Amino acid sequence: TAGDQDLLFIFPLMVVEDKVDALLQEGKTSDQILNWLSANAQSSLDDPKLPATLLRAVTRLVTSKTCLKSGLTGDMPQEVKDQEKEMFAQYCVIFRKYTDNSPTKQLSCLLELQAFCHEHGFSQGLLQRLFYLLYEQEVITEESFMSWKDDVKDTTPSKDKAVLQTNKFFAWLATAPEESGDEEEESAVQ
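Summary of the structure given here. (Residues numbered from 1 in each chain as written. Predicted model: local features only at pLDDT ≥ 70, side-chain atom pairs only at ≥ 80, totals over all residues. Heavy atoms only, no water.)

## Comments concerning the overall build of the chain
Turning to step 1, where the next piece is worked out: Secondary structure summary: the chain contains twelve helices and zero strands in total.
Turning to step 2, where the next piece is worked out: The N-to-C order of helical and strand elements in the chain reads α-α-α-α-α-α-α-α-α-α-α-α.
Turning to step 3, where the next piece is worked out: Looking at the chain as a whole, 46% of its 190 residues are labelled buried.
Turning to step 4, where the next piece is worked out: Looking at the chain alone, contacts between residues at least 24 apart form 72% of all its contacts between residues at least 6 apart.
Turning to step 5, where the next piece is worked out: About 10000 Å² of surface is accessible on the chain, with carbon and sulfur atoms providing 51% of the total. (Helix = DSSP H or I, 4+ residues; strand = E, 2+ residues; numbered from the N terminus. Buried < 20%, exposed > 50% of the residue type's maximum accessible area, 1.4 Å probe, protein only. Contact = heavy atoms within 4.5 Å. Areas by Shrake-Rupley, 256 points an atom, 1.4 Å probe, with all protein chains shown as cover.)

## Points about the packing of helix H7 (residues 103-119) against helix H8 (residues 126-136)
Turning to step 1, where the next piece is worked out: In the contact formed by H7 and H8, the axes pass within 10 Å of each other and the chain directions differ by 155°. Considered as vectors, H7 and H8 are oriented roughly antiparallel to each other. Between H7 and H8 the crossing geometry is right-handed. Mapping the contact onto sequence places Leu110, Leu113, Gln114, Phe116 and Cys117 in H7 and Leu126, Leu127, Leu130, Phe131 and Leu134 in H8.
Turning to step 2, where the next piece is worked out: Of the residues belonging to the contact of H7 with H8, the class tally is nine nonpolar, one polar and no charged. (Axes fitted to C-alpha atoms, helices over the stretch in contact; angles between N-to-C directions. Parallel < 35°, antiparallel > 145°, perpendicular 65-115°, else oblique. Left-handed = near helix turned anticlockwise from the far one by under 90°. Nonpolar A, V, L, I, M, F, W, Y, C, P; charged D, E, K, R; others polar.)

## What about the environment of leucine 13?
Turning to step 1, where the next piece is worked out: When you line up the elements, leucine 13 lands in helix H2 (residues 12-25).
Turning to step 2, where the next piece is worked out: Here leucine 13 falls in the buried class, since its relative accessible area comes to 16%.
Turning to step 3, where the next piece is worked out: The spatial distance from the C-alpha of leucine 13 to the C-alpha of leucine 45 is 9.6 Å, given a sequence separation of 32 residues.
Turning to step 4, where the next piece is worked out: When sequence neighbours within four positions are dropped, the list of residues in contact with leucine 13 reads Ser44, Asp47, Lys49, Leu50 and Thr53.

## Focus: the side chain of threonine 53
Turning to step 1, where the next piece is worked out: Relative to the elements of secondary structure, threonine 53 occurs in helix H4 (residues 50-65).
Turning to step 2, where the next piece is worked out: By relative accessible area, threonine 53 is classed as buried at 12%.
Turning to step 3, where the next piece is worked out: Engagement of the side chain of threonine 53 in a polar contact is seen with the backbone oxygen of lysine 49, the distance being 2.9 Å.
Turning to step 4, where the next piece is worked out: With near-sequence residues (within four places) excluded, threonine 53 lies in contact with Leu13 and Glu17. (Polar contact = N/O pair within 3.5 Å; in protein donor to acceptor, adjacent residues only side chain to side chain.)

Written out as structure tokens, the structure is:
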């Protein structure tokens, strides 16, 4: 609508995030979301914060149905972890498209996940699971993960807690061969 276009001009990422939230709630596929972005959000497609905005929207949806679901406490059952991974993986094509191998955009995504996890009390190993998934899905490179870990100027809350929660991931990453096999990655994520 004309009103949406006016808002898109003034607050582009806010409108994009709201619309992507709505599309996700409607169960739209990654292709449908990509089509909407191409048709309606041209002014935002080159914004370096777009991938992090999209990642936040998907993370919010997936975690609301998995680890942050009301009533879920203690260790998360494997079936819920599998559901989380499957739901999240179906949208990774969007992140790959808009991070386009940019270390700056990838770092922005990692900082967004750190902020999200801080806001939600670092729920049940979520950050570590998402790090494995983003690496496995070739959304974030090893170099970007290391940049995030080594960034001493990061002002995003709870960096120390985030690094501590992802220690197992970084230990695995340090010993992972350049081209690791699917079985090895699968066992690491479990």
